[in-house]
Amino acid sequence: MKQPGRIGSFEAVNITLSLILLFFIVAPLAALYLEASPSLAGEMMSNREVLGAIKVSLEASIVSVLILVATGVPLAYILSRTSFKGKNLVEAIVDIPLVMPHAVAGIMILSAFGSKGLLGPGLSRVGLVIEDSFPGIVLVMTFVSIPLLVDTVKVGFEIVGSSLEDVARTLGASRWTAFRTVTLPLAYRHILAGALLGWARGLSEVGALLVVAYYPKTVNILILDYLSVYGLKYAATLSALYSIIVLAIFVALRKVTVE
Amino acid sequence: MTLLLMENIEVTAGDFTLRIPRLEVARGEYLIVLGASGVGKTLLLNVIAGLAKPSKGTIMIDGRDSTRLPPEKRGIALVPQDYGLFPHMSVIENISYGLVVRGIPRREAYREAERIAELLGITSVINRKPVSLSGGEKQRVALARALVVKPKLVLLDEPLSSLDPGLRLKGLELLARIKSETHITVIHVTHDILDALYLADKIAYIDKGKLEGVYKPADFLHSPSSKPYLDILNLSRNLLGKIR
């Protein structure tokens, strides 16, 4: 019989493999902070270009998450509650941004919504230009985050199921009220988790942004700029600075969602 | 006086079709829907509640064509097999839910919920969450939540099936008490002949997706449909006799 607290071969293999994987994350992160220069970081904290890029990144990612939640939650609800012809196709479409190379995603967005793209002339007429613009950044961030939000929220709605909503309706609640008072409170953790993952994904995007909206510069673009112009030290310092801000927000939001 | 009248109903769920040529339930009647598992008993309740749409036929509730009426407009309360208690709400929030969504002020709704909780003997658990309740308590909370809105009709889906024998007997007594004290109209789905004989004014028998007939309990026992149920009752009696 296995002694309590004693590690057997099964646990030993699991722990070893897990540590190898965690090492792949922790080692580059540690290396980044070791490469970064604290004095340079201090200077960057008062650099208008850096502060502007951080502001653009955070603002665009927040707007993108709001759009994602407003449109992705209804889509996730439909996919979790109904069966219809072509549902598999819709689910596959939702996952396209996940499998598409980032530069290809940028080209797709540009081909569809760019001023010379399929819908560009129409968008230009209403004053919406996506090339090198804030709306372009929001569009890219939203595009790449769709699967993370929709798939996570869909799982949440599937776990809650429809039977409680049905009971609520027989007790006199309209569809809206049943959704608001029963399904939403039970699925909100998945909605928050999906929004958080979507936000993080949008914030980390750079490939599609290089194609669609180089300006106004987001932090990711600025890091690439620093790498090519000033070298690794500058790029690593800005990366470390940015990663601290993003990780702090991410940890705080995760804490809120878990609690 | 007729409360529910279903005629020529056909409803499909996946590959399964349920047919109800005619089902009439009088006001104040306790109708037991009896049938084996998978014959469409739950689907019948869902059609009556408005949660499943029939492809054919009409449903009249209280003299009004309700075939296309949404569930919240039917005045019918459903107690599902797993009781369907809202896990994020306390017992009192669960019981008062139907009143609150009707726009009744929360304080008034809570007062009414407390009154019905007392009637069903669950006052001591009203501040608890459903996860901490026993099977019998969950059943009472679900019944209280259904009864508090004073529905025209209560639908009970196998309300005693998940209870152990002791609680099951108490559950039967509770339902009998509700029947005699409130005279509310009930459609109670079960596969257990004991529930039917203990509670039913009438028994509707469903087999292979079709309502075969509606009987008074004594008449049902003389019908060919009752054979498997009588066999199991006789077997129980013989076994008891042998063991004793």
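Residues numbered from 1 in each chain as written. Chains lettered and ligands numbered in written order. Predicted model: local features only at pLDDT ≥ 70, side-chain atom pairs only at ≥ 80, totals over all residues. Heavy atoms only, no water.

Scanning chain A from N- to C-terminus turns up 12 helices and zero strands. When its helices and strands are written in sequence order, chain A yields α-α-α-α-α-α-α-α-α-α-α-α. The C-alpha extent of chain A, read off along each of the three principal axes, is 70 × 65 × 30 Å. Of all 259 residues assigned to chain A, the portion counted as buried reaches 41%. Contacts in chain A between residues at least 24 apart in sequence constitute 73% of all its contacts with a sequence separation of at least 6. In the form shown here, chain A has an accessible surface area of approximately 14,100 Å², with 71% of it arising from carbon and sulfur atoms. In chain A, the 19 positive side-chain charges and the 16 negative ones have mean positions that sit 6 Å from each other. (Helix = DSSP H or I, 4+ residues; strand = E, 2+ residues; numbered from the N terminus. Buried < 20%, exposed > 50% of the residue type's maximum accessible area, 1.4 Å probe, protein only. Contact = heavy atoms within 4.5 Å. Areas by Shrake-Rupley, 256 points an atom, 1.4 Å probe, with all protein chains shown as cover. Lys, Arg positive; Asp, Glu negative; His and termini not counted. Charge placed at Lys NZ, Arg CZ, Asp CG, Glu CD.)

What follows deals with the confidence of the model for chain A. Taken residue by residue, chain A gives an average pLDDT of 93. The fraction at 70 or more is 97%. Looking at the elements of chain A, mean pLDDT is at its lowest for helix α12 (residues 232–258) of chain A, recorded as 88, and at its highest for helix α7 (residues 134–160) of chain A, recorded as 97. (pLDDT = per-residue confidence, 0-100.)

Where two aromatic rings form a pair, the distance of their centres and the angle of their planes describe that pair. Residue and element names in this part refer to chain B. Under the counting rule described, the total for this entry stands at 12 aromatic pairs over all chains. Look at Y205 and F220: their rings are 5.7 Å apart centre to centre, the planes differ by 45 degrees, and that puts the pair in the tilted class. Taken together, the residues span a long stretch of sequence, with Y205 in strand β9 (residues 202–207) and F220 in helix α7 (residues 217–222) at a distance of 15 residues. With a relative accessible area of 8%, Y205 lands in the buried category. An aromatic cluster is built from Y205, Y215, F220 and Y229, whose rings are joined through pairwise contacts. A cation over an aromatic ring shows up here: R145 above the ring of F86, its NZ or CZ 4.6 Å from the ring centre. (Phe/Tyr/Trp six-rings, centres within 6.5 Å; stacked < 30°, edge-to-face > 60°. Lys NZ or Arg CZ within 6 Å of the ring centre and 35° of its normal.)

A word on the packing of helix α4 (residues 87–99) of chain A against α7 of chain A. Residue and element names in this part refer to chain A. Contact pair α4 / α7: the axes reach a minimum separation of 6 Å and the direction vectors enclose 130 degrees. Our classification of the angle between α4 and α7 gives oblique. Pair α4 / α7 crosses with left-handed handedness. Residues E91, V94, D95, P97 and L98 of α4 lie in contact with α7, whose contacting residues are F143, V144, I146, P147, V150, D151 and K154. Along the lines of polarity and charge, the residues of the contact of α4 with α7 split into eight nonpolar, no polar and four charged. (Axes fitted to C-alpha atoms, helices over the stretch in contact; angles between N-to-C directions. Parallel < 35°, antiparallel > 145°, perpendicular 65-115°, else oblique. Left-handed = near helix turned anticlockwise from the far one by under 90°. Nonpolar A, V, L, I, M, F, W, Y, C, P; charged D, E, K, R; others polar.)

This part covers the pairing of strand β7 (residues 153–157) of chain B. Residues and elements named next belong to chain B. When you tally the buried positions in β7, you get five out of five residues, the bulk of the element. Alternating positions in β7 separate into two faces, L153, L155 and D157 on one and V154 and L156 on the other, with burial throughout. Here four bridges tie strand β6 (residues 76–79) to β7, and the two strands are oriented parallel to one another. The partner of A77 across the bridge, within β7, is V154. Handedness of the crossover joining β7 and strand β8 (residues 185–190) through helix α5 (residues 165–182) is recorded here as right-handed. (Pairing = 2+ DSSP bridges. Right-handed = clockwise from strand over helix to strand, strands pointing away.)

With an omega of -10 degrees, the peptide bond running from Y215 of chain A to P216 of chain A counts as cis. With respect to the helices, strands and loops of the structure, P216 of chain A is situated in the loop between α10 (207–212) and α11 (219–229). Of note, Y83 of chain B is a non-glycine position whose phi angle comes to about 75 degrees, a positive value. Mapping Y83 of chain B onto the fold places it in the loop between β6 and α2 (91–100). Overall, Y83 of chain B belongs to the buried group, its relative accessible area being 3%. A positive phi is found at K150 of chain B, a non-glycine position, where the angle reads about 50 degrees. Secondary-structure assignment places K150 of chain B in the loop between α4 (135–147) and β7. K150 of chain B gets classed as exposed once you look at its relative accessible area, which sits at 60%.

With that settled, consider the side chain of S145 of chain A. All names here are of chain A. With respect to the helices, strands and loops of the structure, S145 is situated in helix α7. From its side chain, S145 meets the backbone nitrogen of G202 in a polar contact 3.4 Å long. Once residues within four sequence positions are removed from consideration, S145 is found in contact with L68, G198, R201 and G202. (Polar contact = N/O pair within 3.5 Å; in protein donor to acceptor, adjacent residues only side chain to side chain.)

Here we take up α4 of chain A. Residues and elements named next belong to chain A. The end-to-end C-alpha distance of α4 is 19 Å, a good match for the 18 Å that 13 residues give at a rise of 1.5 Å each. The principal kink in α4, of about 25 degrees, is found at I93, preceding the proline P97 by one to four residues. Along α4, the positions that sit buried rather than exposed are K87, E91, V94 and P97. Looking at the buried side of α4, the elements it contacts are α3 (48–81) and α7. (Expected span 1.5 Å × (residues − 1). Bend = angle between axes of the 7 residues up to and from the residue.)

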